[in-house]
Amino acid sequence: MARMTMIEAVRSAMDVSMGRDEDVVVFGEDVGYFGGVFRCTQGLQAKYGKTRCFDAPISESGIVGTAIGMAAYGLKPCVEIQFADYMYPAYDQLTQEAARIRYRSNGDFTCPIVVRMPTGGGIFGGQTHSQSPEALFTHVCGLKVIVPSNPYDAKGLLISAIEDPDPVMFLEPKRLYNGPFDGHHERPVTPWSKHELGDVPEGHYSIPIGKAEIRRKGSAVTVIAYGTMVHVALAAVEETGIDAEVIDLRSLLPLDLETIVRSVTKTGRCVVVHEATLTSGFGGELVALVQEHCFYHLEAPVVRVTGWDTPYPHAQEWDYFPGPARVGRALTEAMEG
Amino acid sequence: MDEFSRLSLHVPEPAVRPGDQPDFSNVKIPKAGSVPRPEVDVEPEAIRDLAYSIIRVLNREGEAVGPWAGLLSDDELLTGLRHMMLLRAFDARMLMAQRQGKTSFYMQHLGEEAVSCAFRRALRKGDMNFPTYRQAGLLIADDYPMVEMMNQIFSNELDPCHGRQLPVMYTSKEHGFFTISGNLATQYVQAVGWAMASAIKNDTRIAAGWIGDGSTAESDFHSALVFASTYKAPVILNIVNNQWAISTFQGIARGGSGTFAARGLGFGIPALRVDGNDYLAVYAVARWAAERARRNLGPTLIEYVTYRVGAHSTSDDPSAYRPKTESEAWPLGDPVLRLKKHLILRGAWSDERHAQTEAEIMDQVIQAQKEAESHGTLHAGGRPSVRDIFEGVYAEMPPHIRRQRQKAGY
């Protein structure tokens, strides 16, 4: 067991996978010699050679498109889109191609690719380095969508993603790269080395895709969150003193509906939290599912806490970000409803 | 007074429109045999002219001339002629089947048969094509079963795609034919990725990407050229310039560049233009490019200059945007008739044998069609199961799709 940041855990997942399977290749902008702008791929080129870990031209569609071709050949490409905000040029390749190749060819060709991308705000990235595009992927049949909230999960889930026979979008909350974050930007960041989930096995292990984790057991209200918002939700629960159950989805597609239904059926109340914008965000899907499956157990309307329906601002980042105060108010609202 | 007048936008127009006399005076056609054949390891800079000329082997008399000639035996040429005739007969029957309501849609190859049929013969087993919807000749020339193609077109119970794909969007890993996408140009960069993978694994197989002249305007075309050039991928990048992108003439996508092939030059990729209606020239250039790729010399860009005689698809009416007689005026002729003439000149063929073969091929296609139709057509007979809607989205069916399948009653 080692203490790892999420960056190190992500790197370790690629390292372990490349060591076990020579068909795993890693590429993307700046990922080779330099090791990526967040250093997630640092050392991989030196260890595995430049034909297994290399720099790509600044062409996201080219990165994903060539990865699809490599997968059709029989490789397992794990590519990096430098920021989730830059994946839009690759959207056609992801949604019309990667997601559909197995289906349209009836399995004659498959597309086992992983597309990693740093996501979310909280690092003063402004409107072009802070986006959370997960709902754009969860709407696409054929893709899998993962958002880890800690180093242990990040490594285990990324190994599963690389070993998965289908295309996986792996969104890494960059606010969590170096430590957990409770939404209080003025406080110093706690490093992962002081958190139990920073204990990460050095070798191979995997976490099944499609299984949520209950981060805090509670009986008064269910909070559904993922990524950075898991930590914000935990902080809000602690500050309000409300006995909430906090679910970390980890995998948005496929979704662990069973865990959600079991929890909301028990608590009768639900708050959904995400960083992405409200309208047509993934929270809408979660609320609809809770309504469909738990309607007769609900004692109050489900409350959503999300980013605003605006681009992510630079200077007002902390007013945009759904912090513990907003989540706390939502918890109170759900309890009073 | 301002020295500049007001600006105006330039919107290119074809030389003629319906009702006008066809005019191909802008297509500069060099004499057959006049374009040199460089060594495969030539520096791209040294052959810039080949991106602006047209490599031709068959002259107007039907003779094979020049440095690109002499690669194919009589038997190989007869096989090529048969493939093109088979594709033409297949097209004719499937077009009729669409008109009879047996399928929703069809896209024919009329006038372009030489491009894919000859190209396939320059590849080896195991090589991979990333085609568009107008390269069924790649399958025909690789002896893919015609009944399977028809099953796909009819979306019947034996359709290899289980009714999920539009007609003509075939797939065959075994025959080196990547599953066709309706989204344009996406496959071009995928071909480069496949070729890169082959190089990463120190394999001997190569890839070929296919695109139409209109789709070269897509950003994936440029991404493919960047990646192919950067990593010297063992890939052949094919542009089929058939003059028309549905109703839009090729001048719109081409912009100010002299030719489509010339776009390769800026990437340092050897670029050649070839007479796409000349089976011998297509084969010769494809083999040159394949040898380059196989010798690890990197990508080659090939522009096939041809003409789409038929409609874009069964949903298209070309008489609305071009003169009805334009195809007859196309200066590079008909690929089937040109090869036929050449073989007769070689003493390997005759008008009688051609007519007899034409009848035999039509019989063969009709027999295949009967067999395919016995397994159903789009609106009649056997069809894929509704259960197939839900299968194969993922390797393992996730719970939400299983719930939906059960809701649908399967």
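Residues numbered from 1 in each chain as written. Chains lettered and ligands numbered in written order. Predicted model: local features only at pLDDT ≥ 70, side-chain atom pairs only at ≥ 80, totals over all residues. Heavy atoms only, no water.

Under an unreviewed UniProt entry, chain B has the name 2-oxoisovalerate dehydrogenase subunit alpha and belongs to Rhizobium fredii. Per UniProt, the comment on chain B under Sequence similarities (unreviewed entry) is "Belongs to the BCKDHA family." (UniProt positions renumbered as here; feature names shortened; annotations may be inferred.)

With an unreviewed UniProt entry as reference, chain A is termed 3-methyl-2-oxobutanoate dehydrogenase (2-methylpropanoyl-transferring), source organism Sinorhizobium americanum. Under Cofactor (unreviewed entry), UniProt gives the following word-for-word description of chain A: "thiamine diphosphate".

**Student:** Mind showing me how you'd approach the interface of chain B and chain A here?
**Tutor:** Often, the extent of an interface is quoted as the loss of accessible area upon association of its parts. Opposite the 44 residues of chain B that make contact, chain A presents 42 residues. Both faces combined, the contact of chain B with chain A buries some 3600 Å², and carbon together with sulfur accounts for 61% of it. Among the residues of chain B in contact with chain A, Ile200(B), Lys201(B) and Tyr394(B) are the three that bury the most area, contributing 17% of the side total. Our count for the chain B to chain A interface comes out at 2 salt bridges. Sorting the residues of the side of chain B that touches chain A by element identifies helix H5 (186-200), helix H6 (219-231) and helix H12 (399-407) of chain B as the ones contributing at least two each. Per-element tally for the side of chain B that touches chain A: the top contributor is H5(B), with 10 residues. (Contact = heavy atoms within 4.5 Å. Buried area = accessible area lost by both parts, 1.4 Å probe. Salt bridge = Lys/Arg side-chain N within 4 Å of Asp/Glu carboxyl O. Helix = DSSP H or I, 4+ residues; strand = E, 2+ residues; numbered from the N terminus.)

**Student:** What is the right way to look at the sheet that holds strand E10 (residues 221-225) of chain A in this model?
**Tutor:** Note on sheets: strands pair through backbone hydrogen bonds, and any given pair is parallel or antiparallel. Residue and element names in this part refer to chain A. The strand order across the open sheet formed by 5 strands is E9-E11-E10-E13-E14, and the pairing between neighbours is mixed. With one partner strand each, in any of the chains shown, strand E9 (213-216) and strand E14 (303-307) form the two edges of the open sheet. When the angles between neighbouring strand axes are averaged without regard to direction, this sheet yields 25°. Each of E9, E10, strand E11 (244-248) and strand E13 (270-277) is contacted by helix H8 (residues 228-240), which is oriented at about 170° to E11, the strand it contacts most. Docked against the sheet, helix H12 (residues 324-336) engages E10, E11, E13 and E14, running at close to 165° with respect to E14. (Pairing = 2+ DSSP bridges. Axes fitted to C-alpha atoms, helices over the stretch in contact; angles between N-to-C directions.)

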